[in-house]
Amino acid sequence: MLNRIQKFIDSHQLLERTDLHLVGLSGGADSVALLLILRELGYRVEAAHCNFRLRGEESDRDENFVKELCSRLNVSLHLIHFDTKSYAEQHQVSIEMAARDLRYGYFRELCKDIGAADVCIAHHRDDAVETLLMNLLRGAGIHGLTGIRPKNDFVRRPLLCINRQEIIDYLDSIGQAYVTDSTNLEADVLRNKVRLRVLPLLEEIAPGAAANIDKTANYLREAEKVYNKEIGYELDILTLGDKFPKVTKPPVPSVSSFMHEWLSPLGFNSTQTEQIVGCMNQTGREFHSATHTLVVDREFLELEPIKEPIKPLIIPEPGTYRDEDQTAFKFEITTDTTVSRDAYVATVDADKVQFPLTVRLVQQGDRFAPYGMKRGTKLVSDYMTDQKLSILEKRHQEVLTDATGAIVWIIGYRTDNRFRISNDTKRTLRITIK
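Conventions adopted
- Residues numbered from 1 in each chain as written.
- Predicted model: local features only at pLDDT ≥ 70, side-chain atom pairs only at ≥ 80, totals over all residues.
- Heavy atoms only, no water.
- Buried < 20%, exposed > 50% of the residue type's maximum accessible area, 1.4 Å probe, protein only.
- Helix = DSSP H or I, 4+ residues; strand = E, 2+ residues; numbered from the N terminus.
- Pairing = 2+ DSSP bridges.
- Phe/Tyr/Trp six-rings, centres within 6.5 Å; stacked < 30°, edge-to-face > 60°.
- Lys NZ or Arg CZ within 6 Å of the ring centre and 35° of its normal.
- Contact = heavy atoms within 4.5 Å.
- Polar contact = N/O pair within 3.5 Å; in protein donor to acceptor, adjacent residues only side chain to side chain.
- Axes fitted to C-alpha atoms, helices over the stretch in contact; angles between N-to-C directions.
- Parallel < 35°, antiparallel > 145°, perpendicular 65-115°, else oblique.
- Nonpolar A, V, L, I, M, F, W, Y, C, P; charged D, E, K, R; others polar.
- Expected span 1.5 Å × (residues − 1).

Draft legend 1. Summary view of the pairing of strand β9 (residues 292-296). The element β9 is extensively covered by neighbouring structure, given that 5 of its 5 residues are classed as buried. Side chains of β9 alternate between two faces, with His-292, Leu-294 and Val-296 and Thr-293 and Val-295 buried alike. Taken together, the 3 bridges between strand β8 (residues 286-288) and β9 define a ladder with antiparallel strand orientation. By the bridge assignment, His-288 is partnered in β9 with Thr-293. Counting the residues in the hairpin turn of β8 and β9 gives 3 residues. Between the end of β9 and the start of strand β10 (residues 300-305), which pair antiparallel, lie 3 residues.

This is how it looks when you write it as structure tokens:
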């Protein structure tokens, strides 16, 4: 068993003998075995124990056990206590997630403090199989069916090549005691149900089921490498910033997979992804994650981060002003009556404009008379459609209005004909954007 573990460590380049490695030590069989095995294999280790204060006297029993074990082994031990319930309530997460966040946050900082290269966690093959089955029940994709990875960021898992029974046999063979978490014996949460009911039944139906499921996870990890390379290539060449072009012929073998990889890191769930794929031709549909909005436009799917709308910028008199995005608006009065052709410079008759002016977002129902239009007005929304602005571009388009509320300029596009420079103009209001 020790030879297999060493071979596994070497093949995945998990640990270096010259480095210091932190071991997450709960006191249970798995973590105790991990600590002893790494010491026996000649690695430099220190231990860390987290008391989450969730099981009363049993939590204190575990802490005392690891203290005595590390003292006997002459292994440095780092201890911390957490108020896990308060953390869960404050961050509105489950107790399980709270404990995980606290544990790994502590391990990361402790590694920095003591100069450890990584933290070693005692997940074994049965844990990996349980995780795969749980993800399968939840409808996971290829990433969720690859089980637990041997290496993930600063976390190392040297025992994934052996199963739980081998760990128990190893501890029994050397007469090493360990503690048992009583909550692991209750079939109340999904993982415990899989561990206590599903896996034993699968082994009864098909002996060697756990080992074969683990083999499947290994095959999927290899397939995932090909998948990631192809998806990464497609993401690079098909997404134009935050846009994905809609075309009649799918540009990728699987639009669903592409969408999942593009959108899931931004918080869109699998149900939303399926809906997006199914309504590619429904212009105007919107989908929201906690951080982003996706809009189905005429030619593209467009993404943007969710943020507070820009507040109106009030211009009381000529001068230079900056909005929240640090865009500079310069307002100056001049006798030069030349009409600007620059998209970022507007020139209007200063005597027709009443201060204060306002820079604001377009509103529903806004109308103006485009420069050169001698009769009537036009909806700004129709004008923006004529200019082929996307839905999100329309939403963020700004206009300049005067004290009467009349639109003076659709910024970056067209001034209003009512404020145009004519032969009678004596003074020009020149507005420059930088």
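Draft legend 2. The arrangement of the packing of aromatic side chains in detail. Per the stated rule, a full pass over the model turns up 7 aromatic pairs. Measuring from centroid to centroid gives 6.3 Å for Tyr-321 and Phe-331, while their planes differ by 70°, and the two rings are edge-to-face. In this pair, Tyr-321 is assigned in strand β12 (residues 319-322) and Phe-331 in strand β13 (residues 328-334), connecting sequence segments 10 residues apart. Taking the relative accessible area as the measure of exposure, Tyr-321 reaches 18% and is therefore buried. Classification of Phe-331 as buried rests on a relative accessible area of 3%. Through a chain of ring-to-ring contacts, three or more aromatic side chains come together here, namely Phe-52, Phe-82, Tyr-104, Tyr-106 and Phe-107. The aromatic ring of Tyr-43 is capped on one face by Arg-17, whose charged end is 4.5 Å from the ring centroid.

Draft legend 3. The sheet that holds strand β15 (residues 357-361), seen in detail. Judged by pairing direction, the sheet is antiparallel, and its 5 strands sit side by side in the order β11-β15-β18-β19-β20 without closing on themselves. Each having just a single partner strand, β11 (313-315) and β20 (414-415) make up the two edges of the open sheet.

Draft legend 4. Expanded view of the environment of Glu-324. Mapped onto the elements of the fold, Glu-324 is located in the loop between β12 and β13. Linking Glu-324 and Pro-309, residues 15 residues apart in sequence, is a C-alpha distance of 9.9 Å. Ignoring any residue separated from it by four or fewer positions in sequence, one finds Glu-324 in contact with Pro-309, Ile-310 and Lys-311.

Draft legend 5. Inspection of the environment of His-396 at higher detail. Along the polypeptide, His-396 turns up in the loop between α13 (391-395) and β18 (398-401). Along the primary structure His-396 and Pro-309 are separated by 87 residues, whereas in three dimensions their C-alpha atoms are 8.4 Å apart. Non-local contacts of His-396, meaning those with residues more than four positions away in its chain, are made with Glu-304 and Leu-361. At 2.5 Å, the side chain of His-396 forms a polar contact with the side chain of Glu-304.

Draft legend 6. Main features of the sheet that holds strand β2 (residues 44-51). If you walk across this open sheet you meet the 6 strands as β3-β2-β1-β4-β6-β5, and the pairing is mixed. Single-partner strands in this sheet number two, and they are β3 (77-81) and β5 (151-152). Of the pairings in the sheet, the one linking strand β4 (residues 118-120) to strand β6 (residues 155-156) comprises 2 bridges and is parallel in character. Bridged to Val-119 within β6 is Val-155. Where helix α2 (residues 29-40) meets the sheet, its contacts fall on β1 (20-24), β2 and β4, and the angle it forms with β1 comes to roughly 160°.

Draft legend 7. Region of interest: the side chain of Gln-272. For Gln-272, the position within the fold is in helix α11 (residues 270-278). The buried category is assigned to Gln-272, whose relative accessible area is 13%. A polar side-chain atom of Gln-272 sits 2.8 Å from the main-chain carbonyl oxygen of His-288. When neighbours within four sequence positions are excluded, Gln-272 is seen to be in contact with Gly-267, Phe-287 and His-288.

Draft legend 8. Fine view of the packing of α2 against helix α3 (residues 57-73). For the pair α2 and α3, interaxial distance at closest approach is 12 Å and the crossing angle is 10°. The orientation of α2 relative to α3 falls into the category roughly parallel. Only Phe-65, Leu-69 and Leu-73 of α3 make contact with α2, whose side of the interface consists of Val-32, Leu-35, Leu-36 and Arg-39. In terms of residue class, the contact of α2 with α3 is built from 6 nonpolar, no polar and 1 charged.

Draft legend 9. Structural detail: the pairing of strand β14 (residues 345-349). Burial runs high along β14: 5 of the 5 residues are buried. Residues Val-345, Thr-347 and Asp-349 of β14 are buried on one face, and the alternating residues Ala-346 and Val-348, pointing to the opposite face, are buried as well. By the bridge criterion, 5 bridges tie β14 to strand β21 (residues 428-433) in an arrangement that is antiparallel. Among the inter-strand pairings, Val-348 is bridged to a residue of β21, identified as Leu-429.

Draft legend 10. Looking closely at helix α5 (residues 95-114). Here α5 spans 28 Å end to end across 20 residues, near enough to the 28 Å set by a 1.5 Å rise per residue. Every buried residue of α5 is listed here: Ala-98, Ala-99, Leu-102, Tyr-104, Tyr-106, Phe-107, Leu-110 and Cys-111. Contacts from the buried residues of α5 go to β1, β2, β3, α4 (84-91), β4 and β6. Gly-115, located one to two residues past α5, shows a positive phi value of around 75°.

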